[in-house]
Amino acid sequence: MIKKIYKKTLGIMLAAAMMLSVAGCSEPAKGAATTQSATEASTATVYAETENEEFEQYIKDAFTEDMLSSTEGYHTSIKDLSAFGIERPAKAYWTTDDLSLSPEESFEQGRKKTQERYDRLMKFEGASLTEEEYFTFLTEKSSLELSLKSYEYAKYSEQFYPVRGLQSNIGTNLAEYLFREKQDIDDYITLMETFPELVDYSCKIENWRAEQGYAMQDGMADVVIGQCDTFLADKDNHYLIQEFDRKVDEADFLTAEEKASYKEKDKEAIQYVFEGIETIKKTVSANKGKASVKGGLANYPDGKEYYNEYIIPYFAGSDKTGDELIAEFDDRIAQINTEMSMIIQNKPEVYQYYTEHVANGTLFGDFDQNEVPDALKKIEEKTLSNYPELPEIQFHASYLSPVLSDIMTNTLAYYMHPAFDDLENNVIRANVNHPENKWLTLAHEGCPGHMFQFNYFMSTDPNPLRKSAYSLGYLEGWAVYSSYNTYYDFDFPGTDEDETIAKICYLSAEFGYLSQERMDLGINYEGWDVEKVAEYMTSQGWDANFAQQNYDTFLAQDPGLLLSYSQGYNEMNGMREYAEKKLGSRFDPVEFHKVILTAGPCMYKDLKVKVDEYIEENR
């Protein structure tokens, strides 16, 4: 329903609290593959030479179902529906769900529909499939199994999360809605007019959750209420009205009279959006204090299971448990501290250069003074030698409006991929409140990050169902992994120690995500209270006076949100280390990146199938 936006989030904790302490698998389809597990090298894999017509029909039907689940979904994913054999619906709609159903009925209907699709898919287990069909089978199986798991934990289906919630995304999705023809503008107006219906449905779910004791924590509620207030400020000169007027003025298919008429319709229709946001605010406010427990997810009877079985695979794309992540995070944080200590001991003057330039905001010299489009171009020119070749990518880039920047306060920037059949409309927006550190932020969103990944994958002409694939762990894992590597491509001003400074930057950035997600795991998986947070901060050499603030922060954001960055990166980087170890001198970073990018979004256990095949082919 809501447009998929790839974001780079802001480190949450205050700098004073974040000072680095330096003291001291699914089984394969039997007919298509082997008797080995999907995580082993599949040397005996035998793929069909011709496509399976029945499976190709499954791909078409599943893709059509996904695209037509909402107007916003198909509009932003496909420019010409007829080219995909899909007829455009006569009227715009937010969702195909029956909004009149009770939450229990709605979830059961969704579960049943997903189970039917899963059962249809599993009829192809053991069928003769081509290589692409087999991988589509694997990734679709993983996706549907995760969707089915979400229904087991329906009571956790928070509608208004600060980052993923309806109120935090509606402004971006409407602002970025493209006007290609008159029907698009008419659909946009209809969506605004029917927004209160969608909100009422979401609020019905929120009230149902609250009745069972699963209302959001008060700190999160305060964040959501603040987002609503920010959105509702300055209604007469609202940024969505300004964006609408700009897009209508640029529409060369409209007459002057039509443009004036649409602008009046928009001013009337946006009142429905304001009404919806007001309803969200009232609902969230009314449910404050109704959570049956205080603290993180771990304090609920099945909170730990929910974290293991849904949060980790959804955000990280990983099949590891919270216990395994905690052990890995603790080990890696200790390693980073050791590596940083060695740098300080052996090259104190370089570390001093780093700290001084970070403190005064000059580490990247004049680079941050570049406008967003120019900065993106310069990063491309410096960083793409270790990646497969790709024709020049066309994109539009600018800063977010001040209002949207305030609503998306913890988002540094975002990338919105274009329609599958209109690849010139890549969009990158940067948060106007965070004009610093453009190098890493824009490398993450642009090239070699999200924009490069999406456009390279599209260049391989994947089948429709793979085109629409989505896995946060893979997407953010690639963007973090590739953007970290760009530190080594930057010429830091006034020094010949670029490699060492790049390593410090790399370690500091990795430490930031790891340590923050470690706190999330502590609070939401292990059940830490404020005292435990303070104890952990002290052990890392941080100022424990920020313990309450950090504890409140992690209760006021989406649980597990940072896993897509921290563990997503761990999995992606771990995949490279695995391939390097297996291949030794035969390892080629360009070819490895080609394998990862050609595979496209998927769970890491499925990605390993492709990496194992690459290893076997290059031993």
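Further up the page is the structure itself.
Note that the coordinates shown come from a computational prediction; the quantities given were computed from them, not determined experimentally.

What counts, and at which threshold
Residues numbered from 1 in each chain as written. Predicted model: local features only at pLDDT ≥ 70, side-chain atom pairs only at ≥ 80, totals over all residues. Heavy atoms only, no water. Helix = DSSP H or I, 4+ residues; strand = E, 2+ residues; numbered from the N terminus. Rg over C-alpha atoms; globule rule 2.2 N^0.38 Å. Buried < 20%, exposed > 50% of the residue type's maximum accessible area, 1.4 Å probe, protein only. Areas by Shrake-Rupley, 256 points an atom, 1.4 Å probe, with all protein chains shown as cover. Lys, Arg positive; Asp, Glu negative; His and termini not counted. Charge placed at Lys NZ, Arg CZ, Asp CG, Glu CD. Patch = residues over 30% accessible without salt bridge, like charges linked within 9 Å, V, L, I, M, F, W, Y side chains within 5 Å. Salt bridge = Lys/Arg side-chain N within 4 Å of Asp/Glu carboxyl O. Core = buried A, V, L, I, M, F, W, Y, C linked by side-chain atoms within 4.5 Å. Expected span 1.5 Å × (residues − 1). Arc of directions from axis to C-beta. Contact = heavy atoms within 4.5 Å. Phe/Tyr/Trp six-rings, centres within 6.5 Å; stacked < 30°, edge-to-face > 60°. Lys NZ or Arg CZ within 6 Å of the ring centre and 35° of its normal.

Undergrad: Got a sec to walk through the overall build of the protein? Specific residues and values, please.
TA: Counting its regular elements, the protein contains 24 helices and four strands. Here the C-alpha atoms of the protein give a radius of gyration of 24 Å, agreeing with the 25 Å that 2.2 N^0.38 yields for 619 residues. Counting only residues that meet the buried cut, the protein has 58% of its 619 residues in that class. For the protein, the accessible area works out to roughly 25100 Å², and carbon and sulfur atoms hold 47% of it. Separation of charge centres in the protein, based on 58 positive and 109 negative side chains, amounts to 2 Å.

Undergrad: Explain a negative patch on the surface residue by residue, including any values.
TA: Together, Asp97, Asp98, Glu104, Glu105 and Glu211 line one region of the surface with negative charge. When you line up the elements, Asp97 lands in the loop between α2 (71-77) and α3 (103-122). Residue Asp97 is classed as partly exposed on the basis of its relative accessible area of 38%.

Undergrad: With reference to specific residues and values, describe the nonpolar core.
TA: Ranked by internal contacts, the top residues of the largest apolar core, which has 137 residues, are Phe492, Leu563, Phe592, Ile596 and Leu607. Residue contributions to this core peak at 13 residues, all from helix α19 (residues 498-524). One finds Trp94, Met192, Phe195 and Phe244 within the second-largest nonpolar core, a separate group that totals 49 residues.

Undergrad: Outline helix α7 (residues 218-232), supporting the account with residue identities and numerical values.
TA: Spanning 15 residues, α7 covers 21 Å between terminal C-alpha atoms, matching the ideal 21 Å at 1.5 Å per step. Residues of α7 that are buried include every one of Met220, Ala221, Val224, Ile225, Gln227, Cys228, Phe231 and Leu232, and no others. All buried residues of α7 lie within an arc of 155° about the axis, which places them on one face of the element. In the core, the buried residues of α7 are packed alongside α5 (166-175), α8 (239-250), α9 (256-286), α14 (402-407) and α21 (547-555).

Undergrad: Give me unusual backbone geometry: which residues, what numbers.
TA: A cis amide bond, omega 10°, links Cys447 with the succeeding residue Pro448. Structurally, Pro448 can be placed in the loop between α15 (438-445) and α16 (450-459). Positive phi, close to 55°, is recorded for Asn437, a residue that is not glycine. Among the secondary structure elements, Asn437 is positioned in the loop between β4 (426-430) and α15.

Undergrad: Before we move on, could you go through the packing of aromatic side chains and cite the residues and values that matter?
TA: The final tally for this structure, using the stated rule, is 47 aromatic pairs. Between Tyr314 and Phe315 the ring centres are 5.0 Å apart and the planes differ by 85°, which places this aromatic pair in the edge-to-face class. Taking the relative accessible area as the measure of exposure, Tyr314 reaches 23% and is therefore partly exposed. A relative accessible area of 1% places Phe315 in the buried class. The ring of Tyr525 carries the charged tip of Lys304 above its face, separated from the ring centre by 4.8 Å. Here Lys610 stacks its cationic end above the ring of Phe135, 5.0 Å away from the centre of that ring.

Keep in mind that these numbers describe shape and distance, not what the molecule does.
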